[in-house]
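Letter by letter, the chains look like this.
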Amino acid sequence: AQTVTQSQPEMSVQEAETVTLSCTYDTSESNYYLFWYKQPPSRQMILVIRQEAYKQQNATENRFSVNFQKAAKSFSLKISDSQLGDTAMYFCAFNAGKSTFGDGTTLTVKP
Amino acid sequence: NAGVTQTPKFQVLKTGQSMTLQCAQDMNHEYMSWYRQDPGMGLRLIHYSVGAGITDQGEVPNGYNVSRSTTEDFPLRLLSAAPSQTSVYFCASSYSARGNNSPLHFGNGTRLTVT
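Definitions and cut-offs
Residues numbered from 1 in each chain as written. Chains lettered and ligands numbered in written order. Predicted model: local features only at pLDDT ≥ 70, side-chain atom pairs only at ≥ 80, totals over all residues. Heavy atoms only, no water. Helix = DSSP H or I, 4+ residues; strand = E, 2+ residues; numbered from the N terminus. Rg over C-alpha atoms; globule rule 2.2 N^0.38 Å. Buried < 20%, exposed > 50% of the residue type's maximum accessible area, 1.4 Å probe, protein only. Contact = heavy atoms within 4.5 Å. Areas by Shrake-Rupley, 256 points an atom, 1.4 Å probe, with all protein chains shown as cover. Lys, Arg positive; Asp, Glu negative; His and termini not counted. Charge placed at Lys NZ, Arg CZ, Asp CG, Glu CD. Buried area = accessible area lost by both parts, 1.4 Å probe. Salt bridge = Lys/Arg side-chain N within 4 Å of Asp/Glu carboxyl O. Polar contact = N/O pair within 3.5 Å; in protein donor to acceptor, adjacent residues only side chain to side chain. Nonpolar A, V, L, I, M, F, W, Y, C, P; charged D, E, K, R; others polar. Phe/Tyr/Trp six-rings, centres within 6.5 Å; stacked < 30°, edge-to-face > 60°. Lys NZ or Arg CZ within 6 Å of the ring centre and 35° of its normal. Disulfide = S-S within 2.5 Å.

**Some points on the overall build of chain A**
Part 1: Scanning chain A from N- to C-terminus turns up 0 helices and 12 strands.
Part 2: Beginning at the N terminus, the succession of helices and strands in chain A can be written as β-β-β-β-β-β-β-β-β-β-β-β.
Part 3: In summary, chain A has a C-alpha radius of gyration of 13 Å against a globular reference of 13 Å for 111 residues, a match within 12%.
Part 4: Seen through its C-alpha atoms, chain A measures out along the principal axes to roughly 40 × 25 × 20 Å.
Part 5: When each of the 111 residues of chain A is scored for burial, the buried share is 50%.
Part 6: Sequence-distant contacts, at least 24 apart, represent 54% of the contacts inside chain A between residues at least 6 apart.
Part 7: For chain A, the exposed surface amounts to about 5,300 Å²; the carbon and sulfur share of it is 45%.

**Brief notes about the overall build of chain B**
Part 1: Along the backbone of chain B there are 0 helices and 11 strands.
Part 2: Since a compact globule built from 115 residues should have a radius of gyration of about 13 Å, the 13 Å found for chain B is in line with a globular shape.
Part 3: In terms of principal-axis extent, the alpha carbons of chain B reach across some 40 × 30 × 25 Å.
Part 4: Counting all 115 residues of chain B, 50% fall into the buried class.
Part 5: Within chain B, residue pairs in contact and separated by at least 24 positions form 53% of the contacts whose partners lie at least 6 positions apart.
Part 6: Of the charged side chains in chain B, 8 are positive and 7 negative, and the gap between their average positions amounts to 10 Å.

**Some words on the interface of chain A and chain B**
Part 1: Of the residues lining the interface, 21 residues belong to chain A; the matching set on chain B comes to 28 residues.
Part 2: For the chain A face of the interface with chain B, the top three residues by lost area are A:Arg43, A:Lys98 and A:Phe101, together amounting to 30%.
Part 3: At the boundary of chain A with chain B, the tally comes to 0 salt bridges.
Part 4: Taken together, chain A and chain B are joined by 6 residue pairs in polar contact (both at pLDDT 80 or more).
Part 5: Taken together, the elements giving at least two residues each to the side of chain A that touches chain B come down to β5 (33-39), β6 (46-52), β10 (88-95) and β11 (99-101) of chain A.
Part 6: Ranked by the residues each element gives to the side of chain A that touches chain B, the list is headed by β5(A), at 4 residues.
Part 7: Split into classes, the residues belonging to the side of chain A that touches chain B amount to 9 nonpolar, 6 polar and 6 charged.

**As for the packing of aromatic side chains**
Part 1: In total, this model carries 14 aromatic pairs over all chains according to the counting rule given.
Part 2: Where A:Tyr37 meets A:Phe101, the ring centres are 5.6 Å apart and the plane angle is 40°; that geometry is what we call tilted. Highlighted residues: A:Tyr37 in strand β5 and A:Phe101 in strand β11, separated in sequence by 64 residues. Each of the two residues, A:Tyr37 as well as A:Phe101, counts as buried.
Part 3: Aromatic side chains A:Phe101 and B:Tyr35 sit 5.2 Å apart centroid to centroid with 80° between the ring planes, which places their arrangement in the edge-to-face category. Linking A:Phe101 in strand β11 with B:Tyr35 in strand β4 (residues 31-37), this pair reaches from one chain into another.
Part 4: By way of ring pairs, the aromatic residues A:Phe35, A:Tyr37, A:Phe91, A:Phe101, B:Tyr35, B:Phe90 and B:Phe106 are connected into one cluster.
Part 5: Over the aromatic face of B:Phe10 sits the side chain of A:Arg43, whose NZ or CZ is 5.9 Å from the ring centroid.

**Considerations on the environment of B:Asn28**
Part 1: You can see B:Asn28 is positioned in the loop between β3 (19-25) and β4.
Part 2: Each C-alpha atom of the pair B:Asn28 and B:Ser94 lies 8.9 Å from the other, and the pair is 66 residues apart in sequence.

**What to know about the state of the cysteines**
Part 1: Throughout the structure, instances matching the rule amount to 2 disulfides over all chains.
Part 2: Covalent S-S linkage joins A:Cys23 and A:Cys92, the inter-sulfur distance amounting to 2.0 Å. Negative torsions about the S-S bond denote left-handed disulfides, and the value of about -65° found for A:Cys23 with A:Cys92 makes this one left-handed. Linking A:Cys23 in the loop between β3 (19-21) and β4 (24-26) with A:Cys92 in strand β10, this pair joins segments that are 69 residues apart in sequence. We note that A:Cys23, like A:Cys92, is buried.
Part 3: The disulfide partner of B:Cys23 is B:Cys91, and the S-S distance across this bridge is 1.8 Å. The S-S bond linking B:Cys23 to B:Cys91 shows a torsion near -70°; that makes this disulfide left-handed. In this pair, B:Cys23 sits in strand β3 while B:Cys91 sits in strand β9 (residues 87-94), placing the two residues 68 residues apart along the sequence. You'll find B:Cys23 and B:Cys91 in the same group, each marked buried.

Written out as structure tokens, the structure reads:
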């Protein structure tokens, strides 16, 4: 069974600064995918970024990037130039046929 | 393009009542799933399906039934509601379960309260 751990229940950052959210996972699978999803107060789940485990290059989507360390089973999310609209709960997810989610990190961006 | 349509948005049930949460997607996705989201516990997988006629249990299947008679629809049935089933329920689909980095597409969720 896969497990996903997000060790930071809550975080805050000043607008325009950078913040990193942690995620670790445990699996015996060799082929899998990793995702970060965002859930704003509207409750809608939104894809932020994805990473294929077989790719060594870290994924980047505009202000969002990941630090993927396969050997350490670590998949952190870095948000640069934080904006007020980034305030949300962020979930790390592991997919090897079905998706397993972490418990989430609530991020507050302060003006 | 409607994406994943989930109904109802809110529901209140009494203990012992039954109901069906509806989920439909118009993206021809193979994979569909149901999650529940409880405060501080993230999303937990209830049931999932990798295609029409195929379903399987997730992490917390007890008290719930599913069926997948068509590619588009994946209803979740609560057989006899219990207060422990008070939660927010999400239906999610993706193009394929394996061999693809397709992300999950989520419905807007159903807030269920069992009294």
